[in-house]
Amino acid sequence: MIKEAVEDYKRYRQDVEVNNRKVQVYNSSKREFETRTWRHVSVGDVIIVHKDEYLPADLLFLSAENPEGLCYIETMQLDGETNLKIKKTLDETKDLRHDSISDFKGLVTCEPPNSRLYQFTGNFEAHPPLVPNIRQLPLSPAAILLRGCSLRNTHRIFGLVIYAGHDTKIFMNATQPPSKRSRIERSVDRIIFFMFGLLFSMCLTGCIYFAWWTANYMPQHWYLAPNEAPREYDSAQPGIVAVTNFITAFILYGYLIPIALYVSMEMVKIVQSLCFIGLDRSMYHAETDTPAVARTSNLNEELGMVNTILSDKTGTLTRNVMEYFKCSIAGEAYGAGITEIERNNAERRGLKLDVPDEEADNKYREQYFNFYDDRLMGLEWAKQPHPDVICQFFRLLALCNTAIPDGPPIPEQMHYEAESPDEAALVVAAKVFGFFMIKRTNTIITLRERLPESTRDVEYEVLNILEFNSTRKRMSVIVRTPEDKILLYCKGADTVIYERLDRKHKVNEELKEVTLQHMEEFGSAGLRTLCLAYTELDPRFYDEWNEQFIEAKLSLVDRQARVDAVGEQVEKNLQLLGCTAIEDKLQEGVPQCIKTLAHAGIRLWVLTGDKMETAINIGYACSLITDDMTQFQLTGSSAEVEQLEAESRMEEATQLSAQRLESQLIKVQHTIAEDQQAKVATSYALIIDGKALLYALSPRLRQLFLEVGVKCAAVLCCRVSPLQKAQVTALVKTWGDTTLAIGDGANDVGMIQKAHIGVGISGQEGMQAAMASDFTIAQFRFLTPLLLVHGRLSYKRITRMISFLFYKNLFYGSTIFVYNAFTLFSGQPIYNDFYMTLFNVIFTAAAPLVIGWFDRDLDKGCGLRFPFLYKEGQQNLYFSLPAIVGWLGTALLHAALVVAMVLTGADSIDSDRKTGRIWSSPQDGVIMFTVVIITVHLQLSMIIDQWMWMHHVAIWGSIVLWFLFLLAYGAFPIELSTDLHHIIDSVAAIPSYWLMIVVVPITCMLPVFFFRAIKRHLRPVPYQLVQEIAIRERQGETVDMEGYDGGAGRNNQLKGIMARATRLVQRKVLRQQQQGPHGRHKGFVPPYNTQSRVFDVNELRSAATQAGYSISASGDIILTPQHQSFAALSSQSGTARRSVSGGVLGALFNRSSLASSLTGGHHNARHSFTSLMGGHYVQPLTPPGSVPGAVGHLATELQGGSRPSSISGGNGFLVLSEAVPPVEGLVTNPVISNLELAFSQDPRRHRQKDSWLSTLSVSGLQRLIASSNGGSNSSRRSSEHNSGPVGSHASGSSGGHSPAHLDIGIGGSPAAAQAATGSPSCSSLGPKAQGPRSSPSSSIRGLPGQTDAGYSSIQSSPSGGVQQQHAMAHPSRLSRLVIAVPDAAAAASGPPPSAAAADGGYSESPCEAHEDPAILDMYTSALQRPTKRGSKLSPRQSPRSTR
């Protein structure tokens, strides 16, 4: 109350000072100006305002002491903007001076007082002698001067008072901002209600019991003198007894309610806001001398709980410093240079751009202009193919604006006062190109045009200006040229300009597509584009139209709507000139800030007015959108919709757009749900344009749009109006997340006020957003320390403080209640009234404040270094229901222990003193109060992570203060100290006193200590992990930071990456099939079809084995070998073989197996992709038997049916992956026939519990690490390796270490594998060949004589066991998987594969999906970096293959 009283008094003093300011007012009776105070200014007065004075009322600008009738005002107090605004008077009144003001007569008709700062509707009726005849003149906002502004750069002006006092617009806008309270405060309110309920239940229980006991048992206790008892103890009146006891208990148990809670919270929040946030140097912007400002202290802890950030783009993510960069004129693009967005995107892709030195190359560069092209600079534009169009383009830049030139007519010294940086950039560009605006009045614009023939000053008469607004999205100006032509110049968004082009004009049809393509290119580079067009008006048509325009301007009802409607009539049949492209660079540190916020689990919604292409590229540049995100683009436009709109069937077009958007949202929702069911760890980005957003915010689709949006890590809303920004913010709030809106302009005010937290940026667009916000910063990057440091610490400090306050009050109040239960709820307290009232305000007041001010678990930099710590606040980890229940439960436990142990230890029937005295009630109270004081502070000390000297002073000082109080208060006379008189002398002499104040608190702390220790060991929270990191780093240890990612370890992260890539591969394959000639599969899909959700690759392998085939890594069906010898065909006599094609196998894998070729002394590793739907021809290179035992592969990608060229060289080999003879259709395919037969016999076989299904999921794939006996979780990392020959040729190569290859035989017999390599083999499909679960499921063996350090190999024994050969560990390299398919040349003879398998210990039992080597290889190879084609191995890098 004192604080509010002081603030009210300060406001009163300010009001008195403002109301007594002086101003000169014209007195019509005396015909002179006189001095009055502001409070005496009334409507209709003519006043004089001098330079640097504030305006006392809302004025109609009559005249200024300059011939142009212009004045400059500063609107700092009105909207926070510091740049000067130019106001223009009426031409009929601009000549009024001090001596002619008496001739001023007229009548002003205007709208009632309102709060619209930038709109005004009114007319001025001028009377003679001001004008020859009475005339109606429309008044625009440019002629209105508002109270609160100050006059600058003008000696003095004359004004007519329109609104005064509380009717002025600044007073009409002086409404209180929306009240915002944090979630923590609302939770505190609910806990307070709960505590009040607990208090009432205690009081009600006690009063009922005591009234019952008094009525029934009081008369039996004669020593209580029941006959002489007062009314509150009268057994004959139990009702009165109950009421009085209820009041007594309410006062006694009132300590349950933490009265000091709100005071402590306010003190803590004020210090956090003013000292910590306001004085933080990391959020201080030195260039503008702008610190961070907390305009409210109610939302400090809310900063630590933000889930979603809604941000403007221009001026928030970008600098709002515009530079003219490129343009397109007459279908030709002009301008050189690379934008910052293009540089960032190139760096993201790993590309290097050869960027020249812009400062050296661009000699024309100046503020707002960063354009250079030899074809346009100087007078070179006159030599271009369309100089007349270029000339009109430059004139449009100079004329179609509202900028005011300020300065001498010298290009280097001229400065333009423009409404926006975009407009200033266009005017400056026109100046540099040779169309220099040197003067401007209300009706005349003077240009200094530099043409090929001469340089001349040309005056253009400004007839009308159709101003820009968010609805029109364009601006037009109508001028009369010196040649007496009437031209309309128009600039605006491409969508509105293209709608108004003359479709019969031949040039428009030629330029539309080219210009649109250029705008898309400019947008992709992150540039802001404007479309430019003009038309020549017929004078008679213009005269008729101008009458309607003047009538609309004079209208007092719906003036803006009528003016816009009239403007539509003239802004048509335009001729396209081209477009401009302006660069708005990103702010410093924006990409890093967005990355950090994303790692902190914060979603970011960007609401921008740019078109989709520009927004997407800026999203990439600022790291809002990343390459690993799945993007969903929603648009409300389509060919059908545009056709319906062209036919003016707007209702049908709207309905069709809404239906299309709904189907798109449902499809996106299903895709996300499928990924979640498949446990695919990926993130999503949603991009939606303005037209689609209009339907998405409708009542029908808003909930669906919200459900999709909150599941995306980034959302980009394009072409958004200010109203839509507020609507989107309100929609996101309904989800329950804590929202933060950040912006810098007046169009962001609605969004900022709607969000839970509003952050304003004091940027180029003024201070409107900052004045309406809760926090103000200078740069977007300061959000990181504001949220991750101050927000996180404020949340943790305040929640700890509040929890402790509830704990200590419930603890303290419960001891009173429990003791009172022993006294039959009679209201007898165990504590002295005096120190009982000091419990909250003295003895336990300092420690909560110190916790709220200075407590921290980690150093300041850890919040930025480990962003995942922020998720603690998002999850409300420290003030959730379990946390609150834990604190309150601890309080009840401690209360029970304290009362039981103290009352037991201080038994009133035993004496432990030499005097023989027993314990008295005051002594029991002192002991119990001492134990309570020590216990609550010990409980607080257990949650402190970093001790400071303030903690020691607050905790131990409070305990010492209690003992000092006993000494001091006990020394007072007994009349004052009562039962505490020298009580410390009596209790200090008792040994059990000191024993109890030590043992009882320790006993209370032991359960808490063990619980916290066990929880920290078994289920540590993130900050505890970071504490361990900090401790180890201080000890000089090297800590692997990759393992600490906020609860998700490295293995989970790798599995998520692997699963995401897998999902993308699967979608691509399915999409290719759906686009095939047969279209999308409809109806029932059998489980042996790869599009089935229960597709089982093991059944496919089993069926292929039964039919005498096997499946290669590329998905080809190949014959299994039936001989023990290796065969190769001669290159002269060999014939090409074609692999089988089909939809089922083609959908399985879209890669070919690894291929290797060796030429001469150099070994070339080649990777190629084989189309499963086309032909695959293989040609042998060496005659059979030339190099026995050599095994390798080469898959060559061919076009059509052409054969591969021969590979020449000394000892080049090619080992075939033989294909099946052509199989026409699936009916005759034996593999598919077996599957169909098995399915027809048991249609539900895929649902059996013992059937291990492979649904293209890699969540269980084992991680193959070199030098490891088994495998851990999945990993996608692998070294790049080169393939080469094995056997004798490999043995003959020079030594050295080389990557080990893992060849896994699929579908073949062990005998065939042994024949191919000259060594035993082990099948990966049979359980007999499998080792323990920790071992890889495939057989690995190193070649004789080639032991590669850093890798271990497994060799199968003849009995089917597994033997391991270990080598030195090399943890930095992983083994490479290669699918080895036995040669098919031996398939002409031999027993069936099943027999061979039976002899060799082969089992057809399906293996688990995560142990299937082929699936493992497919995914690991799909995720590896491809080996460069034609790469060569050095002689020391001899390839090595194991089997």
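See the structure above.
Everything numeric here is computed off the predicted structure, so don't read it as measured data.

So, how was this worked out
- Residues numbered from 1 in each chain as written.
- Predicted model: local features only at pLDDT ≥ 70, side-chain atom pairs only at ≥ 80, totals over all residues.
- Heavy atoms only, no water.
- Core = buried A, V, L, I, M, F, W, Y, C linked by side-chain atoms within 4.5 Å.
- Buried < 20%, exposed > 50% of the residue type's maximum accessible area, 1.4 Å probe, protein only.
- Helix = DSSP H or I, 4+ residues; strand = E, 2+ residues; numbered from the N terminus.
- Contact = heavy atoms within 4.5 Å.
- Pairing = 2+ DSSP bridges.
- Patch = residues over 30% accessible without salt bridge, like charges linked within 9 Å, V, L, I, M, F, W, Y side chains within 5 Å.
- Areas by Shrake-Rupley, 256 points an atom, 1.4 Å probe, with all protein chains shown as cover.
- Salt bridge = Lys/Arg side-chain N within 4 Å of Asp/Glu carboxyl O.
- Lys, Arg positive; Asp, Glu negative; His and termini not counted.
- Charge placed at Lys NZ, Arg CZ, Asp CG, Glu CD.
- Phe/Tyr/Trp six-rings, centres within 6.5 Å; stacked < 30°, edge-to-face > 60°.
- Lys NZ or Arg CZ within 6 Å of the ring centre and 35° of its normal.
- Axes fitted to C-alpha atoms, helices over the stretch in contact; angles between N-to-C directions.
- Expected span 1.5 Å × (residues − 1).
- Parallel < 35°, antiparallel > 145°, perpendicular 65-115°, else oblique.
- Left-handed = near helix turned anticlockwise from the far one by under 90°.
- Nonpolar A, V, L, I, M, F, W, Y, C, P; charged D, E, K, R; others polar.

Q: Sorry, what's going on with the nonpolar core here?
A: One broad trend across soluble globular proteins is that nonpolar side chains are buried collectively. Grouped together as the largest cluster of nonpolar side chains are 103 residues, with contacts concentrated most on Tyr253, Ile802 and Tyr831. The leading source of residues in this core is helix H24 (residues 783–822), at 14 residues. Excluding residues within four positions of it along the chain, Tyr253 makes contact with Leu199, Met202, Cys203, Ile816, Phe817, Asn820 and Phe825. By size, the runner-up hydrophobic cluster in this structure holds 51 residues, among which are Phe369, Phe433, Leu447 and Val458.

Q: What is the right way to look at unusual backbone geometry in this model?
A: The amide bond that connects Pro128 to the next residue, Pro129, takes the cis arrangement and shows omega of 5 degrees. On the secondary structure map, Pro129 appears in the loop between strand S8 (122–126) and strand S9 (135–139). Phi is positive for Asp52, close to 70 degrees, though the residue is something other than glycine. Its place among the elements puts Asp52 in the loop between strand S3 (46–50) and strand S4 (58–64). Although it is not a glycine, Phe825 sits at a positive phi angle of roughly 55 degrees.

Q: Just checking my understanding: could you explain the sheet that holds strand S29 (residues 714–717) for this structure?
A: As a general point, the strands of a sheet are linked pairwise by backbone hydrogen bonds and lie either parallel or antiparallel. Spatially, the nine strands line up as an open sheet ordered S13-S32-S31-S30-S14-S26-S29-S28-S27, and their pairing is mixed. Both edges of this open sheet fall to strand S13 (293–294) and strand S27 (629–634), since each of them pairs with a single strand only. Sheet analysis places S13 next to strand S32 (residues 775–777), joined by two bridges and oriented antiparallel. Following the sheet pairing, Ala294 is matched in S32 by Phe775.

Q: Quick question: what am I supposed to make of a positive patch on the surface here?
A: On the surface, Arg186, Arg190, Lys733 and Lys754 cluster together to form a positively charged patch. Positionally, Arg190 belongs in helix H4 (residues 183–217). Residue classification places Arg190 among the exposed residues on the basis of a relative accessible area of 55%.

Q: Explanation requested: the pattern of salt bridges in the structure shown.
A: Between side chains of opposite charge, a pair can form when the charged atoms approach closely. In total, this model carries 43 salt bridges according to the counting rule given. In this structure, Asp737 engages Arg603 in a salt bridge whose closest nitrogen and oxygen atoms are separated by 2.0 Å. Of this pair, Asp737 sits in the loop between helix H21 (722–733) and strand S30 (739–743) while Arg603 is found in strand S26 (residues 603–607), placing the two residues 134 residues apart along the sequence. Considered together, Asp737 and Arg603 belong to a single accessibility category, that of buried residues. A salt bridge links Arg1016 to Glu1028; the nearest nitrogen and oxygen atoms lie 3.5 Å apart. Separated by twelve residues along the polypeptide, Arg1016 in helix H34 (residues 991–1018) and Glu1028 in helix H35 (residues 1022–1034) bring together distant segments of the chain. Residue classification places Arg1016 among the partly exposed residues on the basis of a relative accessible area of 30%.

Q: When you look at the packing of aromatic side chains in this model, what are you seeing that I'm missing?
A: The relative placement of two aromatic rings is captured by the distance of their centres and the angle of their planes. Counted under the stated rule, the structure contains 59 aromatic pairs. Ring centres of Trp962 and Phe965 lie 5.9 Å apart, and the angle between their planes is 20 degrees; on these two criteria the pair is classed as stacked. Separated by three residues within a single helix, Trp962 and Phe965 lie in helix H31 (residues 949–970), roughly one turn from each other. The pair formed by Trp962 and Phe965 is uniform in burial state, with each residue classed as buried. Taken together, the aromatic side chains of Tyr255, Tyr812, Tyr831, Phe834, Tyr835, Phe839, Phe843, Phe929, Trp962, Phe965, Tyr969 and Phe972 make up a single cluster linked through ring pairs. Sitting over the face of the ring of Trp38, Arg21 holds its NZ or CZ atom 5.1 Å from the ring centroid. Lying across the ring of Tyr1023, Lys796 places its NZ or CZ 3.4 Å from the centre.

Q: Even after reading the chapter, I still don't get the sheet that holds S8, so can you show me in this structure?
A: Spatial ordering of the open sheet is given by S7-S8-S9, a layout of three strands whose pairing is antiparallel. Either end of the sheet is taken by a strand with one partner, and the two such strands are strand S7 (106–110) and S9. On average, each strand axis in the sheet is inclined to that of its neighbour by 20 degrees, with strand direction left out of account.

Q: Which parts of the structure should I look at to understand a negative patch on the surface?
A: A cluster of like negative charges, contributed by Glu509, Glu510, Glu513, Glu520, Glu521 and Glu613, occupies part of the molecular surface. The element contributing the most residues to the negative patch is helix H12 (residues 506–524), with five residues. Along the polypeptide, Glu513 turns up in helix H12.

Q: Can you walk me through helix H10 (residues 421–433) in this structure?
A: Side chains that are three or four residues apart share a direction in an α-helix, a result of its 3.6 residues per turn. Between its first and last C-alpha atoms H10 spans 18 Å; for 13 residues at 1.5 Å apiece the expected length is 18 Å, and the two agree. Counting buried positions over the 13 residues of H10 gives 13, a clear majority of the element. At the exit of H10 stands Gly434, carrying a positive phi of roughly 110 degrees.

Q: Is there a simple way to think about the packing of helix H6 (residues 261–277) against H24 in this case?
A: Packed helices, taken two at a time, are described by their axes: the angle between them and the distance between them. Put simply, H6 and H24 touch, their axes get as near as 11 Å, and they point 160 degrees apart. When the axes of H6 and H24 are compared, the pair comes out roughly antiparallel. Read as a crossing pair, H6 and H24 show a hand that is right-handed. Taken together, the residues of H24 that come into contact with H6 (itself represented by Leu261, Ser264, Met265, Val268, Lys269, Gln272, Phe276 and Ile277) are Leu786, His790, Ser794, Arg797, Ile798, Met801, Ile802, Leu805 and Phe806. Looking at the contact of H6 with H24 residue by residue, the class counts come to eleven nonpolar, four polar and two charged.

Q: Help me understand the packing of helix H13 (residues 539–554) against helix H14 (residues 559–570) in this model?
A: At their nearest, the axes of H13 and H14 sit 8 Å apart, and the two run at 170 degrees to each other. Of the possible angle classes, the one that applies to H13 and H14 is roughly antiparallel. Across from Phe541, Trp545, Gln548, Phe549, Glu551, Ala552, Lys553 and Leu554 in H13, the residues of H14 making contact are Arg559, Arg562, Val563, Val566, Gly567, Gln569 and Val570. Residue composition of the contact of H13 with H14, grouped by class: eight nonpolar, three polar and four charged.

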